[in-house]
Amino acid sequence: MSFPVSKIQTRRDPGDPAPGGLARYVLAATLARSADGGAVVAIVLLVTASGGPGWLAGILGACITAPHLFGPLIARRLDTARDGRTVIAWACMAHGITLAAAVLLYPVTWPIIPGLLLVASGLVGPLLTGGISSRLAAIAGSDRISQRRAQGWDVATYGIGGTIGPSLVAAVSAWANPGLAALLLAGSTFVAAAVVRLLPYSPPAAVPSEVPRPGQTLLMMVSSGPLRRTLYMTSVIALAVAALPITAVASTGELRVEPAAAGILTAAYGLGGLLGSAGVMIRPMRTDADSLMTWLGAAVGAALCGAAFAGTFPAAVAAYCFVGILNSYFFAATLAARSEYAPAAARGQVFIWIGASKITAGSAGTALAGAIIAPAIDLPLLLASGLIAAAVFVSVLDRQHDAQ
């Protein structure tokens, strides 16, 4: 079975975005991603606040994050559904129900019960991230500039959601308790589900028999030059930038600041991410997404190298912010590549496959940075820069090979 690579395909009248569709999309995506991003923090705080051991907090936290890796196995349902909005709305509600049930049952039952519920919550998590993103192409309009501007908004929802969710958990936990914080996150998924149902309708791109299986989709991605490069460039950059939080904590002594200042460095990275997404909205990128990924990836690697050699705290803050800006531009380019090069019949699966690879790589990058940072504080960032340089070199050769 072959799946021709195509540019953005929608079934609406070309050129015109659905009125109000993007605003509803931003609201739904922010609510869903806030719940997805804050849930693990709430669970860890719930266990530790109740006197549970650290290992149990880690295991239950992993129960909700690790299943994201299996997202591609359920993603096909998004491409075969008569109405993809229904699939995502049910996923939002399932996430909320299982999260709330796990929180309520934790104090009164064996940990394995909330653990299994959290696994179920994590399994639908990819539909709240990459699954929602796959709907954007049919909402923003068919011209490239509208698509790129909308992708800037999408990048912003990831950044805002990743900030609001944990911040809400921290605030409510300090005011009341982590259980209430988790229940508020669960409630937000129901609001997200309602807003998802209000998104503009987009008919399925193909009949179910024409939608490839997960393994076939992965093989198609590997055989398609642009999607193959999207897959490995996304993974490498995710692995590389995952070293930043670890380095931020470890470098405070070398920068002669208090350990708490590590939070300023990570906040600078987050602020840079929001600035970068705003930049994409204001001035959308016009270059081909395939080549954009390569050169923006190279820029991220150079910025990471600059962060490694920042000798003063103000310079480090600026470097972390600059990495965040460039990473947002890179992320927007990968979203563009997924939309523009994925076959319409497998667009949802492509989004979730690449999202799963990003999560896996990010987790591996955090673990690797923690394991190698002891000999030299700058080593993780320098190795990350070198890995990105290698990936950029490979992508250039890969593209040249495709052009022959």
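Keep in mind that what you see is a predicted model, and the values were worked out from it rather than measured.

About the thresholds
- Residues numbered from 1 in each chain as written.
- Predicted model: local features only at pLDDT ≥ 70, side-chain atom pairs only at ≥ 80, totals over all residues.
- Heavy atoms only, no water.
- Helix = DSSP H or I, 4+ residues; strand = E, 2+ residues; numbered from the N terminus.
- Rg over C-alpha atoms; globule rule 2.2 N^0.38 Å.
- Buried < 20%, exposed > 50% of the residue type's maximum accessible area, 1.4 Å probe, protein only.
- Contact = heavy atoms within 4.5 Å.
- Areas by Shrake-Rupley, 256 points an atom, 1.4 Å probe, with all protein chains shown as cover.
- Expected span 1.5 Å × (residues − 1).
- Disulfide = S-S within 2.5 Å.
- Salt bridge = Lys/Arg side-chain N within 4 Å of Asp/Glu carboxyl O.
- Axes fitted to C-alpha atoms, helices over the stretch in contact; angles between N-to-C directions.
- Left-handed = near helix turned anticlockwise from the far one by under 90°.
- Nonpolar A, V, L, I, M, F, W, Y, C, P; charged D, E, K, R; others polar.
- Phe/Tyr/Trp six-rings, centres within 6.5 Å; stacked < 30°, edge-to-face > 60°.
- Lys NZ or Arg CZ within 6 Å of the ring centre and 35° of its normal.

(A) Structural view of the overall build of the protein chain. What the protein chain contains, in helices and strands, is 16 helices and zero strands. Taking 404 residues into account, the globule formula puts the C-alpha radius of gyration at 22 Å, and the protein chain, at 21 Å, falls close to it. For the C-alpha atoms alone, the extent of the protein chain along its principal axes is close to 55 × 50 × 35 Å. The buried share of the protein chain, reckoned over its 404 residues, is 54%. At a minimum sequence separation of 6, the contacts of the protein chain that also span at least 24 residues come to 85%. For the protein chain, the accessible surface area stands at approximately 16,400 Å², while carbon and sulfur atoms represent 71% of it.

(B) Quick look at helix α16 (residues 379-403). Here α16 spans 36 Å end to end across 25 residues, near enough to the 36 Å set by a 1.5 Å rise per residue. The complete set of buried residues in α16 reads Pro380, Leu381, Ala384, Ser385, Ile388, Ala391, Val392, Ser395, Asp398 and Arg399. Contacts from the buried residues of α16 go to α10 (225-241), α11 (243-250), α13 (289-308) and α15 (347-372).

(C) Highlighting helix α5 (residues 112-128). Between its first and last C-alpha atoms α5 spans 25 Å; for 17 residues at 1.5 Å apiece the expected length is 24 Å, and the two agree. Looking at α5, one finds that the buried residues are Pro114, Gly115, Leu118, Ser121, Gly122, Val124, Gly125, Pro126, Leu127 and Leu128. Summarising the contacts, the buried residues of α5 are in contact with α1 (21-49), α2 (54-65), α3 (71-80), α4 (84-105), α6 (130-133) and α15.

(D) Main features of the state of the cysteines. Evaluated as defined, the whole model comprises zero disulfides. A disulfide-free cysteine, Cys321 has its sulfur positioned 18 Å from the sulfur of Cys305, the nearest such atom. For Cys321, a relative accessible area of 16% corresponds to the buried category.

(E) Spotlight on the environment of Leu128. The residue Leu128 is located in helix α5 in this model. Taking relative accessible area as the criterion, Leu128 reaches 0% and is therefore assigned buried. The spatial distance from the C-alpha of Leu128 to the C-alpha of Ile352 is 9.9 Å, given a sequence separation of 224 residues. When neighbours within four sequence positions are excluded, Leu128 is seen to be in contact with Ala32, Arg33, Ala91, Cys92 and His95.

(F) Looking closely at the pattern of salt bridges. Inspection of every chain in the model, using the stated rule, returns 11 salt bridges. Ionic pairing is found between Arg228 and Asp398, a salt bridge with its closest N-O pair at 2.7 Å. With a gap of 170 residues between them, Arg228 in helix α10 and Asp398 in helix α16 connect regions that are remote in the sequence. Overall, the relative accessible area of 12% leaves Asp398 in the buried class.

(G) How the structure looks around the packing of helix α14 (residues 313-341) against α15. Running from amino to carboxyl end, α14 crosses α15 at an angle of 145°, the nearest separation of the two axes being 9 Å. Judged by the twist between their axes, the crossing of α14 over α15 is right-handed. Here Phe331, Leu335, Arg338 and Ser339 of α14 come into contact with α15, specifically with Arg347, Val350, Phe351, Ile354, Gly355 and Lys358. Here the contact of α14 with α15 is composed, by residue class, of five nonpolar, two polar and three charged.

(H) Representation of the packing of aromatic side chains. According to the stated counting rule, one finds one aromatic pair in the structure shown. When the centroid spacing of 5.0 Å and the interplanar angle of 65° are considered together, the rings of Tyr158 and Phe331 count as edge-to-face. With a gap of 173 residues between them, Tyr158 in helix α7 (residues 144-175) and Phe331 in helix α14 connect regions that are remote in the sequence. Residue class for Tyr158 comes out partly exposed when judged on its relative accessible area of 23%. The exposure class of Phe331 is buried, given its relative accessible area of 10%. The cationic tip of Arg33 hangs over the ring face of Tyr158; the distance from NZ or CZ to the ring centre is 3.8 Å. When the ring centre of Phe331 is taken as origin, the NZ or CZ atom of Lys358, which lies over that ring, is 3.6 Å away.

Read these as layout, nothing more, since geometry by itself doesn't imply function.
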